Structure formats: C-alpha cells, structure tokens
Number of protein chains: 4
Amino acid sequence: MSTPRTYGYLGPEATFTHQALLQLDDVVDPRPFPDVLAAIDAVVEGTIDAALVPIENSVEGGVSATLDHLAAADGLMITAEVLLPVRFVLCATAGTTMGSITEILTHPVADAQVRGWLSTNLPAVPVRHVGSTAGAAAELAADPRPGRAAVCAEIAAETYQVPVLVEEIADNDLAVTRFVVISRVARPTPPTGADKTTLVLFQREDHSGALLEILDQFASRGINLCRIESRPTKTTLGSYCFSVDAEGHLADARMGEALLGLHRVCKDVKFLGSYPRADGQAPVITPGTANADFAAAAAWLAQLRGR
Amino acid sequence: MSTPRTYGYLGPEATFTHQALLQLDDVVDPRPFPDVLAAIDAVVEGTIDAALVPIENSVEGGVSATLDHLAAADGLMITAEVLLPVRFVLCATAGTTMGSITEILTHPVADAQVRGWLSTNLPAVPVRHVGSTAGAAAELAADPRPGRAAVCAEIAAETYQVPVLVEEIADNDLAVTRFVVISRVARPTPPTGADKTTLVLFQREDHSGALLEILDQFASRGINLCRIESRPTKTTLGSYCFSVDAEGHLADARMGEALLGLHRVCKDVKFLGSYPRADGQAPVITPGTANADFAAAAAWLAQLRGR
Amino acid sequence: MSTPRTYGYLGPEATFTHQALLQLDDVVDPRPFPDVLAAIDAVVEGTIDAALVPIENSVEGGVSATLDHLAAADGLMITAEVLLPVRFVLCATAGTTMGSITEILTHPVADAQVRGWLSTNLPAVPVRHVGSTAGAAAELAADPRPGRAAVCAEIAAETYQVPVLVEEIADNDLAVTRFVVISRVARPTPPTGADKTTLVLFQREDHSGALLEILDQFASRGINLCRIESRPTKTTLGSYCFSVDAEGHLADARMGEALLGLHRVCKDVKFLGSYPRADGQAPVITPGTANADFAAAAAWLAQLRGR
Amino acid sequence: MSTPRTYGYLGPEATFTHQALLQLDDVVDPRPFPDVLAAIDAVVEGTIDAALVPIENSVEGGVSATLDHLAAADGLMITAEVLLPVRFVLCATAGTTMGSITEILTHPVADAQVRGWLSTNLPAVPVRHVGSTAGAAAELAADPRPGRAAVCAEIAAETYQVPVLVEEIADNDLAVTRFVVISRVARPTPPTGADKTTLVLFQREDHSGALLEILDQFASRGINLCRIESRPTKTTLGSYCFSVDAEGHLADARMGEALLGLHRVCKDVKFLGSYPRADGQAPVITPGTANADFAAAAAWLAQLRGR
C-alpha cells in the first residue's frame, strides 16, 4: 500500500481525477494522460505502475470508457478506489461578469451536473463541450478573450489562474465520483473485512432468466451488489455484459463459491480485483454464509467422501 | 457387491420383502424380522450385515416406519435398491369359495392396493389387518377353518400351502414397491453414472421460503429429485423434515456442491448413501454442471487465488 | 357455523375422531363409518351433510387415506379443522396385570405413537393391529379373556368399560392430531383473518424445477405453507402430487393471485376449501402483499389500460 | 400511425437522428432541437406533437440524457422506435488530404465508434469533441481552413457540402442506433403481436435480492427483456433505477400481471409505453403464459369465488 509507484491519471493537470489522486499515499511521478484508454494502455505496457481513472458518478452513472476498456483489456486489475465529492465552480476570463458571458466551456459530464444551475442562471448562453473540465480552464487561460467562462473544479481555476465567479454550482451537492486505481495483475491485497470485488460477467444467452441465474449466484450466498451496470458487448443490439461490484473479497469463502457458480453459468467471467472499500463499510453477513459456515460444510463433505 | 453378507428382511418368510431379497446376489443366511425397526436395529448392533426393507410404494407412498427410523438412526447407510412389481393373489382355506368367504386377512398397505377389487367382488366381507401379507397366509395355514381368506403374494400362498382362489387382484397392475438395503456406514460404492443419493433435510425455519431455498440447492446445480417426502419431525404440528432421493452420487462434483449448500442452509443434513439406481437410468446433465465444468471453475478460482 | 348438520366420523364409537367431534358445535346425529372412504362417500352421496376425518398427526404424518380420497373425489370441500392432543391409555381385560399381558391390540398409527413405551415396558408382548383403537377396546369387551390388552383413547376404555392399567403412555406428550370437516362444495365461509386454504397440486413435469416453480407461486406473494405432503399419483413411481395447506383465504388478493399462477404452471390444481384455522393464528403479511397493495396495483394497471 | 404530427428531433440538421426521422411516415414540420432535454420539454409543453431522440447504441450503450429525462419527466410515453445502421464518413475542408489533417471534430459517441480506425489511420491527430456530428460538419463549412476534418454521417457532409475523404470508417459495421418517438401520454397503439414495453423500475431497497425479485416478475411470466440499463437515481452512489424494455404489450395478460407484481415489489414503476418493435420479431410464448392461459386461470378463480 505504501510502496511508491508511478501513476498516470486522466488529465490534463487539475482535473477531478488529479484532485482524487491526492488522496493516495503511494504516488510518485504522477503523469496526466489525454484519455482513459491511453492511461490504461500505459499500465499494460509497463510505462507506469498504475492509473487512476473515474469509473462511476452518482449523477451521471458509469463511465463508459473505463468500463469498456477494463472489460476488454487483459492483465489488469483494480487495486484501490477513491471517492471524491464533486464540487464545481464557474470561472471566467478577467473582466467577464455574469451578464457578459457569451460561451461556456466544460466537459459533457460536468455539464450534466450543473445543467439545472446553468438553465436558471445562464439560460441563453451556449455550452461548448471540451475534453476535460481542466482543459476548459486551460483554454480560457490560453485565450483570455472576455465573455468566455468555464465550469471546472476549483483546483483547475487555481492552476490556470482563471478568476472564479461562482462557487458550488453543482445541482446536487451530494454528488460523488468514484475513481479506481488500475494496476497490472498481481495477488490482491489481503481481505480487510470491508472489501469489494469487481467482475465483468458475460451472459451465455441474453434472456431475462440468464441474468436471474447470474444474480442468484450472489444472492444465494448472501452477497450484496453495490454496483451493477449493463454494457453492450459491442456486437448486436441487446447483447450485454454486466459490470458489477460485489461486497467481499476473493479470499472470502462465499465469494469463492459465487465465482465458481458464475464460471459455470456465464459465457465468461472477468475478475478485475478485490480491494478495500473507500468507505470502510463492512457487509452484513447472512446466517450460513460466514467463512466458518463454508469451512464446516467443506469439512463435513470431506469426511463423507473420505471414509 | 458380491461379497456374501448376512441379511435381515421384513418378515415373516414369504413377504414381498422376502421375494425382493431374491434379486440380490450377495445374500447369505437371510433372516426375517418382525418389523422394520427390529431389522434396522440388528444392523446397528452388528447381528446382521444388512437389512432389506420397503421404503416406497407407487400407490401407497412412503413407508413411514422406514423413513422415520432411517432419519433417526445413526451409523446407517443405504447401499442398494430393489424394485418389485406388486402382484396380489386371493387365497383361502381348503373348501372355501368366493361365495363362502366370511373374513379376509391382509396387511393395511396390501388392503389399500386391492381395495377396488375387494369392493367390487367381496363388498360385504370384513377385512382384518394383520402385520404382514405373509402372516395372513400363515394364519390361514395355522387355523384352516373354512370361510377364511387372505390377500398376499403368490409366494406366501405357496410357502404356506394355502390354495389360490384368484390371481392378479391388484387395482393397479403397474404398482411397484421399492426396497432399500440398509448397511452400516462405509465408503459408498463408486459412481456408476446412474446413481441416487438419499438425504434427510431438516429445515432451519418452517416457512415456504426455507423449502424453496433447499430445493434451489439442487435445481441450481441441475440435480433432479426422484423422490421427496415430507415427514413430521415428531415435535410440533407443521415441523417437517424432507426425505429426498436426488439423482447423482456423492462423488459427483454437482452433488458435492449441493451438499455444501444444503449444509449451510439446513438445520441438519443426514447423508444416507449413494448407490446405483435399480433402473440404470442415467441423468440428463444440464450444461455447466458436468464434473469437468466444476473442475474448470475450481482450477480458475485456484489460479486467481494463487497468483 | 351453527346450522345443525348431520355428521359422519371415522368410527367406531369412541375413536379419537369421535372425541374430536365433541369440539364441533353444529353436529346432529353423529354416525360412525368403518373407514375414511365410506364417510367421504356418504357426503358425496348426500346421506350425511359432513364428515370428520383425521388428516394429519404430528408424529405419524399425513393420513394417506384422507389425503388420497380428497385428492380423488369431486364435489367436496374442507370447511373446518379440529386439533386434538393425543393421549393414550393401556387398558386390559379384568384380572390382567402388566406381568400377565400376552397380546396387545391397537391401530398401527397408535402403535407408532406408543412404540417407545411398549418397547420399554412390554418388550416381549406381540402387538396385533386392528382397524381402530376403539375397535381394540371393543374387542376386549367382546372377548374378555385374561392377558389381553389394548392401546386406545381413554374414552374408548370408558365406553367399553375396559379397566385402565396405565394412563398417558404416549411417547410424545405434545402429539396432536388434526381432523378436517369435509362437506359438499359450497361458498367458503368468509375470511376471518386467520384462515387456511387446502390445495392439491399436480406437477406438469416431475423434476425439481417444477416443484420450485410451484412453491414460488406462494413465496413470491408472501404466502407461507403450514403443511406440504407429497403423495404418489398412483401411476408410476416418482410421479407425485402435493397436498398443501397455505396460510390465507380464497378471498385474499394474494391467495387469488397465487391460485392464478398455480393454475398456469400446474397440470391440475384442486381447490379443497378455505376455512378458519383452529389455532386462530393470523399470518404475518409481507410488505407489498396486503389486499390494499393488490388493489392499488390493480387500480394503477386499470388506469394505464383505460386511458 | 399516419395522422400527420409535428416532430422535433435531436439536431442540428443532418444528424443521425435527422436521418432516422426519414423512416417515419407521419412527420410534418420537423424541427431540430439543441439537446434531448429541449426536445422532450417541447413535447411536454405542447409546442410539438412528438420528438425523435436516440436511446441506445449497440456500441456505446444507453444514451444517458434520454434515459434520465424520460425517467424524470411526467406525462410522456414512447410510441414508436426506429433502428438505424450507423455509418460514418471522414470529410474535410477543401484541399485537405489524409496527410495534411491537423484536427478532427466529432461527437464523443461517434469518436468512440471510429476510435480504432482513427488510431490506425490518423494516430497523431487530435480529436476535438463537439455537440453533434452534424455540428462538426457545419463548423468545417463555417470555417473551411485547410487541415480540418470531421467524422459525421454522410447526410451531414452532403448538407454542409464538405468533401468526403473516406467512407465507411466505423469500427463495427454492424453498429446500430435505436431511436424512440416520445409523445404525450395517450392510449398505446393496439398490440401487434411483436411489441415492446418500456419501464423504469425503482428498487425499494438496493440489494441484489431486490433486483432478483424485480427480474423474477418478468421471468416467472415468461417475459424476456431486450434491454436493461441501470441508472443512478442521482441521490447517493449505489442507488439505482432500472430502465428496461420488455417483450410484449400492456394489453397482454402476462405483461399486465407482471406490472401488478412490479407495482407491489418496487418503490415506483414508471410505464413509458407499449409500441411495435421495429424488427417485427414476435416473442416465444412460454407454455402457460399465453393470453388464453391467463383467461382460463381467471375464469377458474372467478368460478371458485363466485359459487
């Protein structure tokens, strides 16, 4: 956990991802990447040890690029997660006031999260989507014509020295973004008692019964899911895989048995790591699903078979 | 299978159980016992090696005495099964004709299986229940007053030399009784590919969801049940255990995993043996539940955990 | 409930069924019948209004004759139930002592419930099975040779004036027998809030998944089962129907919807009545399954369809 | 279906949505809207009769804006769907060649679908995201400096008269986008035998068992799902609703019963319409789930309750 590692992150500098990176204690030599794919590829190639990328936002949902690249890549694993409350500011070039804004730059996901505020306060102003919120601030710094504004993180306004007009403009002040640390495959960190396991599950057949059968592998072992995302498999419409975060660790007996069942009922199961929950919340253990229950059952079976 | 063993059976001589015993090829020194409990107890005590007792009849259902003693006893196992088509004769003391019968002796289960025939052909004649069909024939031999008749197996009429009045009087000529060989606990015979496993399952709680959870342990591994009997646990009304025969063998991977699951969700699981099916019928293997599928899943999990 | 009706019961006089009949308040002209079938037939034919017969015993399980005749008969319904604690006495002909007993008469079901006591106290004495416990006492009265004993209800010993040697000889002093009142089909009594519904369910196919599908019709509507008995359909070994008592009344919305589902997934569903529970115990209503929840759902659907 | 209606669509002119609109036969006065929300709002307000918006793409997955606004809005319904194969061209300002491209404009979703082609053929060229593929072509027309290219639909290149450099550059030539017609709430079109029903389902509790219970409402009535998307409810991380397309029509008995069940087990169910499938594919009817089966069950229940 504390061995220093070289990190990539979804850049440019001063993005929310950059800000999330500050919560990690093993970072050396952080390096921005232009997109999620580039950061992930750099991990695969060994240029960096790990990459921090967003995976989920409480307002916008899953980050498709991250979900899809993780589902497609080989040799990668999630080794940690970071939660970051989402706070936006409206900044603008020097001399610009609320009344004189003629264009707003931001990232589409940020746009979605301040849409209500913008509709109310700047209804007539066109919004132009750019690659990142930090990039929006950077563009203002590079071309400081009056009338230009950006929606970004406070850190971006600071970094690029663009004056802040309004703080806290997010529509939902409980919004949270979740980031994951992606590393090359290795032994997972030992269970802490409050862990998550991330999987991608490919249905053998795409009917409702198949998803039911998949979910039953978790439910029948008392394993709760904290995230489930359906993603197209990119072949035909209606063909899905499911990206899930399940409570528990690869080393837990109930997770092991669920994985065995999933391997049998799915076309493919991709294990993307077991890692500590950022919120430290331990699962409720259903009676009959503790490690000791599985051990007792296994001992009984071994005795039946061995005599 | 062919090591000679001393056998007890539900007597007296010339019962259906005695006739079923003739199908076994490892019997030496067959000995009749007055009831199922006595035969089972003799196995427990080591007086005999094995006991043959009826467990199920296609018309009358489960044989409660056998089910309940097997559920209660320790150190016993079912090691084989025998199927016997049920055929009854009406025999009577010398000189008795259909018109002069004044009393019919038989066992209650036999009575139930010829009830239609008796109602039609001897509607006014009282039926007296005795401990076995063979005992009915024996009683006629011992006290050959005219007017006395018995419903029994043909072998009983022969053994006790009581004249047969009418053959084939069973209401259902497809009726079959199933017998099981009970032995002391030992390693089950190796899987033949067409095996049964007998279990007694005690619910943790007596609600419909609990039975559902139990059945799901079989269904989710593609295991079919060929028999399910609810039996009272003899405590309060509404408290049941379930005696089941499941397709497959203790050594099968899917059965092993079902047993692990049952051990976790039940208050108690009693394993009563895996043995070849008398009808030699192999189960249909659901995709994903063959031994190879479980082995592949286990290898995958071991590789995930081991790296 | 209080309109006087002519009743039959499983006789002869002084059986446990006779004693249970005393708990009913609408009985006129009680008439003993020699067996369950005869009593049921008399209801079908209209000779009597109703019949009281045993259906279940907490030690011995279901009463096959009752279950099977109810499953087979047409035009019948269960309209009430009676619970009776089971208490046995040992009575014997005048002058007989414990040490001089040479033969014990009783019904097989009674035998099963005092087996432990007999094994301990009269291990060497042969037991002869007769048609009813009352019949056992009657036989002693008719043929009072010394050495003859009977296991029966206290009421039988009194009725036939056979001296009681030992009271309370039941192995399980919590044993209860449940009796049902069988009437011709009519509108069920209105729901009391603590009702049972009795059904016979015939599987479309005899695999474990089929039973699971049946049970799910109850479980998914929050309906608990207080009794489930598998009974052979009397065709081939392994072909079962299920006799169940479900908590609730035909008029309850959740029961109605469960019946709709059962009708669709079963080969046949036999409705055998909704009637008040003898123990007055009201069910726990799962959230979303109250009548109001079904009514709200139906109103919503009607509104969607009607606009 | 053929009454002329005023339509809005996700503009500007020459988007894929515009092209999809050409498949509809009841369009008068098509009007572009800057985003999905604006188009939907115009339907709510009555400015237009209907809006055509994208809802799903076989490569990129669900269109969040459409899913979320439909989940949030009141008084709207999906009344038709349109499928459009996705084909992209690379166009560029006059005089630009593959070798001289310095910037590529396109929409992020389009970018995702030609990413492989761009990586191979124009690896070093920066991609700038704009609000629509048509907007990218329009921007080139407005500012035709050499070196600028756009990825867009062929119709956009034509409309804005930007020369096409390369056709068919989509990575997956099976890619399809699905569009839906959004109208104000009205009676759904009658069932055609090949219909879809769109619902938004809000879980009562967010555990895996709750989703299982929801899916079971479909599976137990033999209803297949052709789309399932989890979407955040925009409150806390891990709180989801599910946007689903189920096979069948509001008027189908099995769908009606599934809706009743969903209404009982969900916190909220939003019905978003039943409409003909664009592919005309009729569902496979599971035994016991045809309209006739539900009618037979209902008739039987009515007869039980009515007598």
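Note that this is a predicted model, so its numbers are computed, not measured.

Caption draft 1: Fine view of the overall build of chain A. Helices and strands together make up the secondary structure of chain A, namely nine helices and 15 strands. Principal axes of the C-alpha set define a box for chain A whose edges measure 85 × 45 × 35 Å. Per-residue burial for chain A yields a buried fraction of 56% across its 307 residues. Put simply, 74% of the contacts in chain A that link residues at least 6 apart link residues at least 24 apart. When the accessible surface of chain A is summed, it comes to about 11,500 Å², and 55% of that surface belongs to carbon and sulfur atoms. Charge-centre separation for chain A: the mean point of 23 positive side chains lies 7 Å from the mean point of 36 negative side chains.

Caption draft 2: Expanded view of unusual backbone geometry. Residue and element names in this part refer to chain C. With an omega of 5°, the peptide bond running from Gly-11 to Pro-12 counts as cis. For Pro-12, the location among the structural elements is in the loop between strand E1 (5–10) and helix H1 (16–21). Despite not being glycine, Asp-29 has its phi angle at roughly 55°, a positive value. In this structure Asp-29 comes out as partly exposed when scored by relative accessible area, which is 44%. The residue Glu-168 is not glycine, and still its phi comes out positive at about 50°.

Caption draft 3: Seen up close, the interface of chain C and chain B. The interface is formed by 44 residues belonging to chain C together with 45 residues belonging to chain B. In total, about 3,300 Å² of surface goes out of reach between chain C and chain B, with carbon and sulfur atoms giving 55% of it. At the boundary of chain C and chain B, one finds zero salt bridges. Applying the counting rule to chain C against chain B returns nine residue pairs in polar contact (both at pLDDT 80 or more).

Caption draft 4: View of the confidence of the model for chain A. Across chain A, the average pLDDT comes to 92, with 98% of residues at 70 or higher. In the predicted assembly, ipTM is 0.87 and pTM is 0.88.

Caption draft 5: Representation of the relation of the copies chain A and chain B within the structure. Mapping chain A onto chain B leaves a residual RMSD of 0.1 Å; the transformation is a rotation of 180° accompanied by 0.0 Å of translation along its axis. Between the two chains, the operation in question is that of a two-fold axis. Every residue of chain A has its C-alpha some distance from the rotation axis, and the shortest such distance is that of Glu-257 of chain A, at 4.5 Å. The share of interface residues of chain A whose copies in chain B are also at the interface is 100%, consistent with both copies meeting through the same surface.

Caption draft 6: Quick look at the pattern of salt bridges. All chains considered together, the criterion is met by 92 salt bridges over all chains. Residue Asp-68 of chain B pairs with Arg-231 of chain B through a salt bridge whose shortest N-O separation is 2.7 Å. Taken together, the positions of Asp-68 of chain B in helix H3 (residues 64–72) and Arg-231 of chain B in strand E13 (residues 225–232) put the pair 163 residues apart, joining distant regions of the chain. Here Arg-221 of chain D and Glu-257 of chain D are joined by a salt bridge, their closest N and O atoms 2.7 Å apart. Pair noted here: Arg-221 of chain D is in the loop between helix H7 (208–219) and strand E13 (225–232) and Glu-257 of chain D is in helix H8 (residues 253–265), with a separation of 36 residues, a long-range link. The structure contains a network of salt bridges with shared partners spanning Glu-56, Glu-81, Arg-178, Lys-196, Arg-227 and Asp-245 of chain A.

Caption draft 7: Expanded view of the relation of the copies chain C and chain B. Mapping chain C onto chain B calls for a rotation angle of 180° and an axial translation of 0.1 Å; the resulting RMSD is 0.1 Å. A share of 100% of the interface residues of chain C reappears at the interface of chain B, consistent with the copies meeting face to face through the same patch.

Caption draft 8: View of the sheet that holds strand E9 (residues 148–152) of chain C. Residue and element names in this part refer to chain C. Strand order in the open sheet formed by five strands is E8-E7-E9-E6-E10, and the pairing between neighbours is mixed. What marks the edges here is a single partner per strand, and that holds for strand E8 (127–129) and strand E10 (164–166). Going across the sheet, the axis of each strand differs from the next one's by a mean of 35°, ignoring polarity. Where strand E7 (residues 103–106) and E9 come together, three bridges link them in parallel fashion. Paired with Ile-104 across the bridge in E9 is Ala-149. Lying over the sheet, helix H5 (residues 133–142) contacts strand E6 (89–92), E7, E8 and E9, oriented at roughly 155° with respect to E9.

Caption draft 9: Fine view of the side chain of Asn-57 of chain B. Residues and elements named next belong to chain B. Mapped onto the elements, Asn-57 comes out in strand E3 (residues 50–57). Classification of Asn-57 by relative accessible area gives buried; the value is 5%. Separated by 2.7 Å, the side chain of Asn-57 and the backbone nitrogen of Val-59 make a polar contact. Engagement of the side chain of Asn-57 in a polar contact is seen with the backbone nitrogen of Glu-60, the distance being 3.0 Å.

Thresholds, definitions, all that
- Residues numbered from 1 in each chain as written.
- Chains lettered and ligands numbered in written order.
- Predicted model: local features only at pLDDT ≥ 70, side-chain atom pairs only at ≥ 80, totals over all residues.
- Heavy atoms only, no water.
- Helix = DSSP H or I, 4+ residues; strand = E, 2+ residues; numbered from the N terminus.
- Buried < 20%, exposed > 50% of the residue type's maximum accessible area, 1.4 Å probe, protein only.
- Contact = heavy atoms within 4.5 Å.
- Areas by Shrake-Rupley, 256 points an atom, 1.4 Å probe, with all protein chains shown as cover.
- Lys, Arg positive; Asp, Glu negative; His and termini not counted.
- Charge placed at Lys NZ, Arg CZ, Asp CG, Glu CD.
- Buried area = accessible area lost by both parts, 1.4 Å probe.
- Salt bridge = Lys/Arg side-chain N within 4 Å of Asp/Glu carboxyl O.
- Polar contact = N/O pair within 3.5 Å; in protein donor to acceptor, adjacent residues only side chain to side chain.
- pLDDT = per-residue confidence, 0-100.
- Least-squares fit on C-alpha atoms with pLDDT ≥ 70 in both.
- Pairing = 2+ DSSP bridges.
- Axes fitted to C-alpha atoms, helices over the stretch in contact; angles between N-to-C directions.

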